[in-house]
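Structure assessment
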Amino acid sequence: MRKLFFLSILLIFLLTLFLMWFSELREFSFGYFFLIVLASLTALGIYDSIQKKHAILRNFPVVGHFRYILESISPEIQQYFIESNTDGRPFSRNLRALAYRRAKGVNDTHPFGTQKDIDGEDYIALRHSIYAVSPREEDLRVTIGTHSCAQPYSASIFNISAMSFGSLSSNAIKALNLGAQKGNFYHNTGEGGISSYHLSGGDLCWQIGTGYFGCRDKDGNFDPESFKEKAQLPEVKLIELKISQGAKPGHGGVLPGIKNTSEIAKIRGLEPGTTVLSPPSHKAFSDPKGMIAFVQQLRELSGGKPVGIKLCIGRTEEFIEICKEMISQECLPDFITIDGAEGGTGAAPLEFSDSVGLPLEPALIFVRAALEKFNLRDKITIIASGKALSAFSILKNIALGADICNSARGFMFSLGCIQALRCNTNDCPTGVATQRRGLVKGLVVPDKAERVYNFHKNTVHAVMELLGASGHYHTSEMSVHDLVKGDEMIKLANRYFPDTVNTQV
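First, a word on what this report is: a plain description of the structure on this page.

Conventions used here
- Starting afresh in each chain, residues are numbered from 1 along the sequence in its written order.
- Per-residue local features of the predicted model are confined to residues with pLDDT of at least 70, and side-chain atom pairs are confined, for both listing and counting, to 80 or more; whole-chain, interface and lining totals are unaffected and use all residues.
- Hydrogens and water are ignored here; the side-chain numbers use all heavy atoms of the structure.
- Partly exposed residues are those whose accessible area sits between 20% and 50% of the maximum for their type, while under 20% is buried and over 50% is exposed, using a 1.4 Å probe and protein chains only.
- Helix and strand definitions here come from DSSP, where helices need a minimum of 4 consecutive H or I residues and strands a minimum of 2 consecutive E residues; each element is numbered from the N-terminal end.
- Strand pairing is assigned whenever DSSP identifies at least 2 bridges connecting the two strands.
- Crossovers are described as right-handed under a simple rule: with the strands pointing away from the observer, the path leading from the first strand over the helix to the second runs clockwise.
- Only residues whose relative accessible area exceeds 30% and that take part in no salt bridge are eligible for patches, with like-charged residues grouped when within 9 Å of each other and nonpolar side chains (Val, Leu, Ile, Met, Phe, Trp, Tyr) grouped when within 5 Å.
- The accessible surface values rely on the Shrake-Rupley method and a 1.4 Å probe; as for residues, cover is taken only from the protein chains in view.
- We define a salt bridge as a contact between a side-chain nitrogen of Lys or Arg and a carboxyl oxygen of Asp or Glu at a distance within 4 Å.
- Axis definition: a line fitted to C-alpha atoms, over the contacting stretch in the case of helices. Angles run 0 to 180 degrees between N-to-C directions.
- Any angle that falls under 35 degrees is termed roughly parallel, while one over 145 is termed roughly antiparallel, one within 65 to 115 roughly perpendicular, and all others oblique.
- Here a crossing is called left-handed whenever its near helix is offset anticlockwise from the far helix by less than a right angle, and right-handed whenever the offset is clockwise.
- Residues are treated as being in contact if the distance between any of their heavy atoms lies within 4.5 Å.
- For this classification, the nonpolar set comprises Ala, Val, Leu, Ile, Met, Phe, Trp, Tyr, Cys and Pro, the charged set comprises Asp, Glu, Lys and Arg, and every other residue, Gly included, is treated as polar.
- Each Phe, Tyr or Trp ring (for Trp, its six-membered ring) is paired with any other whose centre lies within 6.5 Å, and the angle between the two planes then decides the class: stacked below 30 degrees, edge-to-face above 60, tilted in between.
- Take the residue count of a helix, subtract one, and multiply by 1.5 Å to get its expected span.

A word on the pairing of strand 11 (residues 335–339)
Look at any regular strand and the pattern is simple: side chains alternate between the two faces of the sheet. Of all five residues making up strand 11, five are buried, and the element is well covered by its neighbours. Burial along strand 11 is two-sided: Phe335, Thr337 and Asp339 facing one way and Ile336 and Ile338 facing the other are all buried. Bridge count between strand 10 (residues 307–311) and strand 11: four bridges; the pairing is parallel. Counterpart to Gly308 in the pairing with strand 11 is Phe335. Assessed by its sense of winding, the connection that carries the chain from strand 10 through helix 11 (residues 316–329) to strand 11 is right-handed. Where strand 11 lies against strand 12 (residues 381–385), five bridges are found, and the strand directions are parallel. The residue of strand 12 that forms the bridge with Thr337 is Ile383.

Brief notes about the pairing of strand 6 (residues 203–208)
The buried fraction of strand 6 amounts to six of the six residues, a majority that puts the element mostly inside the structure. Residues Asp203, Cys205 and Gln207 of strand 6 are buried on one face, and the alternating residues Leu204, Trp206 and Ile208, pointing to the opposite face, are buried as well. Relative to strand 6, strand 5 (residues 186–188) runs parallel, the two being bridged by three bridges. Note on strand 6: the bridge partner recorded for Tyr186 is Asp203. With five bridges joining them, strand 6 and strand 7 (residues 236–242) adopt parallel strand pairing. Counterpart to Cys205 in the pairing with strand 7 is Leu238. After leaving strand 6, the chain enters helix 8 (residues 224–231) and then returns to the sheet as strand 7, a path that is right-handed.

Points about unusual backbone geometry
Even without a glycine there, the phi angle at Asn184 is positive, about 60°. Mapped onto the elements of the fold, Asn184 is located in the loop between helix 7 (170–183) and strand 5. The phi torsion at Asn426 lies on the positive side, around 70°, for a residue other than glycine. With respect to the element layout, Asn426 can be found in the loop between helix 15 (409–415) and helix 16 (437–440).

Considerations on a nonpolar patch on the surface
On the surface, Ile56, Phe60, Val63, Phe66 and Ile69 cluster together to form a nonpolar patch covering roughly 440 Å² of accessible area. Along the polypeptide, Ile69 turns up in helix 4 (residues 65–72). Judged by relative accessible area, Ile69 falls into the partly exposed class, the value being 47%.

Remarks on the pattern of salt bridges
The tally for this structure, following the rule as stated, stands at eleven salt bridges. The partner of Glu450 in a salt bridge is Lys182, and the shortest N-O contact between them spans 2.8 Å. In this pair, Glu450 sits in helix 17 (residues 445–469) while Lys182 sits in helix 7, placing the two residues 268 residues apart along the sequence. Judged by its relative accessible area of 34%, Glu450 falls in the partly exposed class. Here Glu191 ties to Lys242 by a salt bridge, and the two come within 2.8 Å at their closest N and O atoms. A residue pair is termed long-range when its members are at least 10 positions apart, and Glu191 in the loop between strand 5 and strand 6 and Lys242 in strand 7 qualify at 51 residues. The pair formed by Glu191 and Lys242 is uniform in burial state, with each residue classed as buried. One network of salt bridges, in which partners are shared, links Asp447, Lys448 and Arg451.

Things to note about the packing of helix 10 (residues 288–301) against helix 11
When two helices pack together, you describe them by how their axes are tilted relative to each other and by the distance separating the axes. At a minimum axis distance of 9 Å, the contact between helix 10 and helix 11 shows a crossing angle of 55°. By the angle between their directions, the pair helix 10 and helix 11 is classed as oblique. The element helix 10 and its partner helix 11 pack so that their crossing is right-handed. Residues Pro288, Lys289, Met291, Ile292 and Ala293 of helix 10 form the contact with helix 11, whose participating residues are Glu321, Ile322, Glu325, Met326 and Gln329. Considering only residue class, the contact of helix 10 with helix 11 consists of six nonpolar, one polar and three charged.

Remarks on the packing of aromatic side chains
Tallying each qualifying case throughout the model produces 13 aromatic pairs. With a centroid separation of 5.6 Å and an interplanar angle of 55°, the aromatic rings of Phe222 and Phe227 are classed as tilted. No difference in accessibility class separates Phe222 from Phe227, as the two residues are buried. An aromatic cluster is defined as three or more aromatic residues linked by ring pairs; in this entry it consists of Trp206, Tyr212, Phe222, Phe227, Phe285 and Phe294.

Description of helix 7
It helps to recall that an α-helix has 3.6 residues per turn; residues three or four apart then point in one direction. Over its 14 residues, helix 7 extends 20 Å from the first C-alpha to the last, a length consistent with the 20 Å expected when each residue adds 1.5 Å. Along helix 7, ten of the 14 residues are buried, which leaves the element largely enclosed by surrounding structure. Tucked into the core, helix 7 has its buried residues touching strand 4 (158–160), strand 5, strand 6, helix 15, helix 16 and helix 17. Remark: Asn184 follows helix 7 within two positions and exhibits a positive phi of approximately 60°.

This is the structure:
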């Protein structure tokens, strides 16, 4: 191929010279520019032929570069020209469009019937009632806080899930917080700590991860005094202890060095420009006994604010041990956030994203059954996190066992995210998941804050419409018996290893 390339260049070069000579250089002045282009291609071809890093370029000089160009734009080609309205991943075009329309406050209806395969084995439906009702409350809320909590919190059924400043841009964080303030729902900080952009007026759920960012000493250990200072901020309404994350359970958080700016490094207590790899587990405890004791410590240091744990279910017996320890120490977390293996992240090893952790649906069924077995269900709020975007996905999670839902990528769509799949590269074209100032400026905070507010308001309104169609007045009345498998019309409770769950419990 190399010989063919250089022979072609030589022939074109000679042909160009001949045409220039034939026209006596008067009518072929473009030939000089063409010769420069040929010389540049020849130089590039020689370099490709002698370099040793890329076999394709050595074997196919110049032409081989088209392979890398096409590869770089393959996500856009897939998204805009190949995928249908229903088969996009992680979110289909229909779901993305729904989020955009609700964020803009425009018509969110859908024409001409469903495009989903309702006879497929994955189809799940809501069992509606012929006696539909109208829920009386305009904003369904759930109180988070056990008898040990001095400052219970009234939460919306739909809130912003964990996304750190660093993973998201400063403008994105500020817009999310302002939207949360206007809509009266909470904003989870993610494990990256509390930045000034989080303090724009919205309620916060401060997440404490394995890196203890914002409350760590110089050796990376938990610092009680630093935690106490920030936990008592009036904006902080909840404390969430992150045990594991659905997109990468058993693996610490990842912030690429290119996104670790000096501002972010200062907030986290790190060196700027370095790739941040959070530890896979906590230093403050190593067993259920230590975990529950740490929950109590966080509650006391925060002045009695609700404290919960977030985890992706893996070994079910370990969750059973946590339940037993709660009873033993007479100390309950105020809430438990269940993250499904389908959860999102800005950066994770593919093997962890694809092959580790229990999906959200069976995890919720198991956690609900476990808490009921130990008579803890009525004392602990269950929060579902994992692809909650549409009203049906929220009601489905609640029917399976959750009390409220968190969404990360849904609110990213409300900010303008186009699912470009560049969150880990610092090249997010919409300014949502990047630290490049030129791209961040494209995200206008007041406009996007309004869209965040609209997305929440319109989605909750859609939840209430579905709730009424099912014959219920409040989400607390929902149960797994409100869902069926469309292809067999069987209750969803029978789908996921009920015998295994009962045996484990």
